[in-house]
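This is what each chain is made of:
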Amino acid sequence: MEALERQNKRRQNLRRGVIVLVVAIVVIGSAALFFSKSTPATVTIPTTTTTTAKCVPSGIDLKPTTVFAAVTSPQAPGTAGKAPTIVVPTTPAPKVMQVSDLIKGTGPAVKVCDSLTMQYVLADYATHKVLQSSWSSGSFNFTIGEQQVIPGWDEGILGMKVGGRREMVIPPALAYGANPQAGSGIAKNDTLIFVVDLLKIG
């Protein structure tokens, strides 16, 4: 009798264990199904939808095909990786923007909305003085087409390639116009000469 009672208890315990296990599986499965339905799927937004129009300044036609007059008296190319020397011509300042590549770069060409890292030297056409040089203060970063720089830069740097050096003679209309820059040495209606080096895109 005792042996039978023990067997019955074992069977009852086994049945209870099976029932508990089945109930647990059902509960866990139902919960998983509920949460899988209530949790939204991850959505990847295409990068094309994040493009902003602010990269194209109003009133400026930024096209890499724009053709500028060549610099009348271009600077010596100098050596890539070293600060260039600017010698300002004694002839009258040109009325239109002039652009010449002193050193050709390689790789993809600069386009609107590119983030650029550059070095530059700035000289004033009227005073023949070098006013600024990033070579002594550190490279300069900006995004082309967002009006972070004067229009002459936004227009004149398009098409450059990394490692390139370009000279830009920028008339007042594409520089600071009738607005002198206090403390910079840039006077009203100054024509500016920049020699710029493109270090990096992106």
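It should be noted that the structure appears before, not after, this text.
The written sequence of each chain sets the order in which its residues are numbered from 1. Reporting of local features is limited, given that this is a predicted model, to residues whose pLDDT is at least 70; pairs of side-chain atoms are given and counted only at 80 or more, and all residues count toward the totals for whole chains, interfaces and linings. Hydrogens are left out, water is left out, and the side-chain values use all remaining heavy atoms of the structure.

Caption draft 1: Region of the structure containing the packing of aromatic side chains. Pairing of aromatic side chains requires ring centres within 6.5 Å, counting the rings of Phe and Tyr and the six-membered ring of Trp. Pairs whose planes differ by under 30 degrees are stacked, by over 60 edge-to-face, and all others tilted. With the rule as written, the count across this model stands at seven aromatic pairs. For the ring pair Y120 and F140, a centre distance of 6.0 Å and an interplane angle of 80 degrees mean the geometry is edge-to-face. Of this pair, Y120 sits in strand 3 (residues 115-124) while F140 is found in strand 5 (residues 140-143), placing the two residues 20 residues apart along the sequence. For the exposure calls, accessible area comes from a 1.4 Å probe over protein chains only, and a residue counts as buried if that area is under 20% of its type's maximum, exposed if over 50%, partly exposed in between. A relative accessible area of 28% places F140 in the partly exposed class. Through a chain of ring-to-ring contacts, the aromatic side chains of Y120, F140, F142, W153 and F194 assemble into a single cluster. Secondary structure elements follow DSSP: runs of H or I of four or more residues count as helices, runs of E of two or more count as strands, with numbering from the N terminus.

Caption draft 2: Molecular detail of unusual backbone geometry. A positive phi angle, close to 85 degrees, is found at C113, a residue other than glycine. Here C113 shows up in the loop between strand 2 (106-109) and strand 3. Backbone geometry at Q147 places phi at a positive 60 degrees, although glycine is not the residue there. For Q147, the position within the fold is in the loop between strand 5 and helix 2 (151-156).

Caption draft 3: Geometry of the pattern of salt bridges. Here a salt bridge means any side-chain nitrogen of Lys or Arg lying within 4 Å of a carboxyl oxygen belonging to Asp or Glu. According to the stated counting rule, one finds four salt bridges in the structure shown. With its nearest N and O atoms 2.7 Å apart, the salt bridge here joins D101 to R166. A residue pair is termed long-range when its members are at least 10 positions apart, and D101 in strand 1 (residues 98-103) and R166 in strand 7 (residues 165-170) qualify at 65 residues. Across the pair D197 and R165 runs a salt bridge, and its minimum N-O distance is 2.9 Å. Here D197 is found in strand 8 (residues 192-201), whereas its partner R165 is found in strand 7, with 32 residues between them in sequence. According to the relative accessible area criterion, R165 is buried, its value standing at 0%. Through salt bridges with shared partners, one network takes in D101, K104 and R166.

Caption draft 4: Structural detail: the environment of L102. For L102, the position within the fold is in strand 1. In this structure L102 comes out as buried when scored by relative accessible area, which is 14%. The sequence separation of L102 and R166 amounts to 64 residues, and the corresponding C-alpha distance is 5.4 Å. Pairs of residues are marked as contacts when any of their non-hydrogen atoms sit within 4.5 Å. Sequence-distant contacts of L102, that is, excluding residues within four places in its chain, are made with P74, Q75, A76, P77, R165, R166, E167 and V195.

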